[in-house]
Amino acid sequence: MQTSSAVNGANYLTYQGKFKGLLGWILSTDHKRIGLLYLYSIAAMFTTGLLLGLAMKFELLAPGKTIMEAQTYNATFTVHGVIMIFMVVVPGLPAVFGNLMMPIMIGAKDVAFPKLNLLSWYLYVAGVILVLTALLAGPGSPDTGWTFYAPYSFKTGTNLLPAIFGAFVLGFSSILTGLNFLVTIHRLRCPGMKWTKLPLFVWTLYGTAWIQLLATPVVGITLVLVALERIFGVGIFDPALGGDPILYQHLFWIYSHPAVYIMILPAMGAISEIIPTFAQKHIFGYKAIIASTMAIAFVGYLVWGHHMFTAGMSGTAQYYFSLLTFIVAIPSAIKVFNWISTLYKGAINIQTPFYWAISFIFVFMVGGLSGLVLGALATDVHVHDTAFVVGHFHYIVFGGTGFGFFAAMHYWFPKIYGRMYDKAWANIGWLVFTIGFLALYTPMFYLGIMGMPRRYYDYLEEFHGGNILSTFGSWVLATGFVIIVANLIRSARKGEPAEMNPWHSKTLEWTVSSPPPVLNFDKEPVLGEDDGPYNYK
Amino acid sequence: MSEEKHHIVPYRLYFIILIALIALTMGSVWITSIEMAEYTVAAALLFAVVKSYLVLTYFMHLKYDKRYIKIMVGFVFAIFLVVIIITFLDYLFR
Amino acid sequence: MEHAHHVEHPDMYDEESSKIGMWLFIFTELLLFGALFVVYAVYRYMNPDAFHLAAEELNRTIGTVNTLILLISSMTIAMSTTALRKGHRKTAITLVVVTFLIGLAFLVNKYFEWGVKFSHGIWPGSEHMLNEMSQGEILFFGLYFVMTGLHALHIVIGMGIMVFAIRGLANGKVKVERPSLLDNCGLYWHLVDLIWIFLFPLFYLIH
C-alpha cells in the first residue's frame, strides 16, 4: 500500500519548507509537527518526573532515612507533582494526539489558529524552563507540595516565585490550546461532518477545551495572589492579616478538580476510538457517551470541595460536595458500561492498543471506586492525607491518563510514523508495565487504611512490608516503561512500513496516507448520510 | 463560511446606549446614598448588571451575532454564579 | 528530501473564527477577574463594617469620573467599527485615537488616586496599615490595589492593541473584508469596561 503521498512524495515528516532541519520543526505551524514537538517534550518531562518518583519510592523502601532527609523528600514530591500535573497529564493527550489527529479527524487542513498553536508550545517550553530554574537557582526547590497551600506557600524560604510563574505560563499554554481546539471544532468541520458524526475523541477534546478555558484562569490568578503575598504582603490568604487559608484551597481546587477531567476525558475519548475499532463494531450508546462527556465536564466544576473535607469548611458544604461527588461518578460509569457493551458480540482483534484499553478500564474502575471511599465523608476522615489517597489518584490519573496515553500512542503510531511498532515487544512492555503498576500502587490502599500518612519520608515499622512491595513495583514499572519506549523509538526509525488503515477503522485519519500529507487531505472530504465514525458493517 | 449579514450599527444607536449607561451610572451613585443596609449592595449590583447587559448586547454586538455566541456568554456567567454560590455554602454556614 | 515547490501553508483566516476566538479569550478574563470577585464577596461578607470604613478613604468623584469616561471610550471604539464598515477610514482612526486618549486619562486619574493612598501611608505591607488598620480594612485595601491594579494593566494592554489597530487601519491591512483586528480590539476594550462596571460600585459606592 502507499506509504507516502501527494506533494512530490512529501509527507509532514519529510517535507522541507522555508526552514530546513531543526528550524523547520521548531518554527513549524503544522499541527502534526507541533504534536510531535509536544510528544517529545512531554516524554522528556515524564521521564524526569518518573525518576523523581523512583527516588521517592527508594526513600520509602525502608523506614527512616534511606537516601534523603525530610526536606529533600518534601522538595522531591513537590517537583514530582508539579511536573506530572502541569507538564505531563494536563497537556498530555490534547497537546499530543489532539494536535496530531484532531484536525484530520474532522476533515480540516489544520487548526483554526496555527501560529497560536506554535505559541502554545513555546509557552509550554518556557514554563518548563521557569519551573526547572526554581530547582536549580536560588534558595532551593519548592517544598510546599504541588498544591502550594497557603500560608506555607508564602512563608517558605524556598524558591517559589519561578515555580509559580512557570505554572502560570503553563496554564496560559493550556488555555490557548483549549481556545484553538474549540474554534477549530466549531468552524473547521468538513462538509457533512455534523456534530452527531464527530468521533468521540473529538467530542472529549471539545469538553476538555471548555474546562481548560474556564478553569485555568482561576488557578492562574490564585497563584498570582500567592506571588503578590510573597512580594508585597497583600494579606489575602494570611490569617494574621484577616485572610482565610481555606479560601486559597477553594480557589485552588476550583481549577484543580476540573483539571482532572482535562486529564481523563481525552483518555476516555481515545479508548472510545480504540474499542469500536478492535471490536469492529459500532460503539454502544454514541449519544450517551457524548452526553456523559459533557455532563462530566460540567458537573466536574461543582465538586471541588471534596479535596477539603477536613480543612474546616461548614457542614453544609461538606454534605453538598459529597453528594455532588457521588453524582459525578455516574456518567463515568455509563461510559464503562458502554465500552464493555460494545465488545459484546464484536469481532475482537487482540492487539497492543486493545490490551492497553482493557487494562485502562480495569485500573480506571479501581481508581474510581476508591474515589467513592474518599467521597463519603465518614470514610474520608479516616483516609484523608494517607497513602490511600496516593493510591487513588495514581490509579485514576496514571492508570487513566497514562494507560490512555499509551493506548493512543500504539493506536495512532502507524499513522504518525508510517511504520508499525514491533508487536511482540509492545505486548511484553505492556505486561511488565502493568504488573509493575499494580504492585506499586495496590499496597497503598492497604497502607493508607492502616494509617500510613502521605508526604512523609518516614513511616512506622508495621508499614514496611507494603512499602517494599510498592518500591519493587516501581522498578518493574520503570523496566516496562523502558521496554515500551525503546520499542517505539526503534520502530519509528526501522519498523515495517505501515498501511493506510492497518486497524480497519472508520474515522477520517485512516483515509489518508501513513504518515499524512502536509495539508492532510488531497481533496476536502465530504461526509455522506451513511458515513460515520463507527459505521462498521 | 462567511457571515450572512454585515449588519452596520448606526452611530446614533451607540450614542443612545451611552446616554443610558451614563444615566444608570448616576442612578447607581444615587441609590447607594440611600441607607438600605444589606440591600444597598444588591441595588448597586443590579444597576451594574443592567449596564453590563447593554454593553454586551450593543457595544459588543451580541444582539446581531449568531445565537450560539449568546448561549456561550450566558453559560460562562452561569458557571461563575454557580461557583460563587457553592463557595458561600461554606462561608454562610460556618 | 528536497522538493521543487513549497506547500503553501494555508491562510486560515475566517472572520467568525476570529470573533469566537476573541470571545473565548474574553471568557478567560471574566473567570480571572471572577475569582477576585469571589474573594471580595467572601471577605466583604465576613467584614462588612471594616469594608464600609475602609471605603471612606476612596474618592467617589474620581471613581465616577473614571466610570463615565470609560463608558464614553467604549462608545467611541464601538463607533469605529461602524466607521470602518461605512468606509470612513479616517473617522475610524480618529475614534480609536480618542479611545486611546481616554484610556490614558483613566490611567492618569488612577495614578493620582494611588498617589494619594501612598501619601497617606496606605499600601500593601505598609507600617500604617499593619499598625493602625483592622484586618477587614487591610483586606479591603489588599483587594483594592490588586483588582484596580490588574484592571489598569488590562487598560494598558488594551491601549497596546489599539496601537496595532490604528496601524492596521492606516496601512489598509484592516479593511471591511478583514475587520477582525479592530473588532476584537473593541471587544477587549468593552471587556475592560465591563470589569470596571462592577469594580466601581463594589469599591466606591459603599456608604
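Cut-offs applied
- Here the residue numbering is sequential within each chain, running from 1 through the sequence in written order.
- Throughout, the order in which chains and ligands are written sets their labels, letters from A for the former and numbers from 1 for the latter.
- Predicted model: local features are reported for residues with pLDDT of at least 70 only, side-chain atom pairs are reported and counted for 80 or more only, and whole-chain, interface and lining totals are derived from all residues.
- A run of DSSP states H or I qualifies as a helix once it reaches four residues; a run of E qualifies as a strand once it reaches two. Both are numbered from the N-terminal end.
- What the globule rule says is 2.2 Å times the number of residues to the power 0.38, and the radius of gyration is computed from C-alpha atoms.
- Buried means a residue has 20 or more other C-beta atoms within 10 Å of its own C-beta, exposed means 12 or fewer, and partly exposed covers the counts in between; C-beta atoms are placed from the backbone.
- By definition, residues are in contact whenever their C-beta atoms, placed on the basis of the backbone, come within 7 Å of each other.
- Axis geometry follows a simple rule: fit a line to the C-alpha atoms, using only the stretch in contact for helices, then measure angles between N-to-C directions, giving values from 0 to 180 degrees.
- Oblique is the label for any angle not covered by the other classes, which are roughly parallel (under 35 degrees), roughly antiparallel (over 145) and roughly perpendicular (65 to 115).
- When residues are grouped by polarity, Ala, Val, Leu, Ile, Met, Phe, Trp, Tyr, Cys and Pro land in nonpolar, Asp, Glu, Lys and Arg in charged, and all others, Gly among them, in polar.
- Throughout, a crossing is termed right-handed when the near helix is turned clockwise from the far one, and left-handed when it is turned anticlockwise from it by less than a right angle.
- Residue-level confidence of the predictor is summarised by pLDDT, bounded by 0 at the bottom and 100 at the top.
- Under the convention used throughout, the expected extent of a helix is 1.5 Å for every residue step, that is, one less than its residue count.
- Nonpolar cores are built from buried Ala, Val, Leu, Ile, Met, Phe, Trp, Tyr and Cys residues. These are joined into a set through C-beta atoms within 7 Å.
- Start and end positions for the domains come from either an automated domain assignment or a database one.

**A closer look at the overall build of chain A**
Looking only at helices and strands, chain A features 16 helices and two strands. Here chain A has a C-alpha radius of gyration of 23 Å; the compact-globule value for 537 residues is 24 Å, and the two agree. Here chain A, with 537 residues, has 58% of them falling under the buried criterion. A separation threshold of at least 6 residues defines the contact pool for chain A, and within that pool the share at least 24 residues apart is 84%.

**Focus: the packing of helix α1 (residues 11-31) of chain B against helix α2 (residues 39-59) of chain B**
All names here are of chain B. Axis separation between α1 and α2 bottoms out at 9 Å; the angle between their running directions is 170°. The orientation of α1 relative to α2 falls into the category roughly antiparallel. Each of Leu13, Ile17, Ala20, Leu21, Leu24, Gly27, Ser28 and Ile31 in α1 lies in contact with α2, whose residues at this interface are Ala43, Ala44, Phe47, Ala48, Val50, Lys51, Leu54, Tyr58 and Phe59. When its residues are assigned to classes, the contact of α1 with α2 shows 14 nonpolar, two polar and one charged.

**So, the interface of chain A and chain B**
Often, the extent of an interface is quoted as the loss of accessible area upon association of its parts. Each side of the interface is counted separately: chain A has 11 residues, and chain B has 10 residues. Taken together, the elements giving at least two residues each to the side of chain A that touches chain B come down to α9 (245-279) and α11 (315-343) of chain A. Top element by residues in the side of chain A that touches chain B is α11(A). It accounts for four residues. Along the lines of polarity and charge, the residues of the side of chain A that touches chain B split into seven nonpolar, four polar and no charged.

**Regarding the interface of chain C and chain A**
Across the contact, 33 residues belong to chain C and 41 residues belong to chain A. At the level of secondary structure, the elements contributing two or more residues to the side of chain C that touches chain A comprise α1 (15-46) and α6 (135-171) of chain C. No other element matches the 14 residues that α1(C) contributes to the side of chain C that touches chain A. Of the residues contributing to the side of chain C that touches chain A, the split by class is 19 nonpolar, 11 polar and three charged.

**Overview of the packing of α1(C) against α6(C)**
Residue and element names in this part refer to chain C. Between α1 and α6, the least distance of the axes is 11 Å, while the angle of their chain directions is 165°. The orientation of α1 relative to α6 falls into the category roughly antiparallel. You can see that α1 and α6 cross each other, and the crossing is left-handed. Taking contact as the criterion, the partners of Leu36, Val39, Tyr40 and Tyr43 in α1 are, on α6, Leu139, Leu143, Val146 and Met147. Per-class residue counts for the contact of α1 with α6 are eight nonpolar, no polar and no charged.

**As for the environment of A:Thr156**
Residues and elements named next belong to chain A. For Thr156, the position within the fold is in the loop between α6 (152-155) and α7 (160-187). When the C-alpha atoms of Thr156 and Pro142 are compared, they prove to be 8.0 Å apart, with 14 residues separating the residues in sequence. Contact partners of Thr156, with chain neighbours within four places excluded, come to Asp143 and Thr144.

**Focus: the confidence of the model for chain A**
All names here are of chain A. Residues of chain A with pLDDT of at least 70 account for 98%, and the chain-wide mean is 95. Ranking the helices and strands of chain A by mean pLDDT puts helix α15 (residues 423-450) first, with 98, and helix α1 (residues 21-26) last, with 91. Confidence drops under a pLDDT of 50 for residues 1-7, and excluding neighbours within four residues, the segment shows 20 contacts in the predicted structure.

**A look at the environment of C:Ala78**
Counting through the fold element by element, C:Ala78 comes out in helix α3 (residues 60-85). Remark: the alpha-carbon pair of C:Ala78 and C:Ser119, spanning 41 residues in sequence, is separated by 38 Å. The residues touching C:Ala78, leaving out its near neighbours within four places in the chain, are B:Tyr14, B:Phe59 and C:Gly186.

**Regarding α7(A)**
Relative to the 40 Å expected for 28 residues at 1.5 Å per residue, α7(A) spans 41 Å between its end C-alpha atoms, a close match to the ideal helical length. Most of α7(A) is tucked away: 23 of the 28 residues are buried.

**Quick notes on the nonpolar core**
Among the nonpolar cores identified, the biggest contains 261 residues, and A:Leu182, A:Val202, A:Ala270, A:Ile271, A:Ala357, A:Ala407 and C:Val39 are the most heavily contacted of them. If one sorts the elements of this core by residue count, α9(A) sits on top with 23 residues. Each of domain 1 (9-60) and domain 2 (61-94) of chain B accounts for three or more of the residues forming this core. If we ignore the near neighbours within four places in the chain, the residues touching A:Leu182 are A:Tyr206, A:Ala209, A:Trp210, A:Leu213 and C:Leu24. Counting residues in each nonpolar core, the second largest holds five residues, with A:Ala10, A:Tyr12, A:Tyr15 and A:Leu519 among its members.

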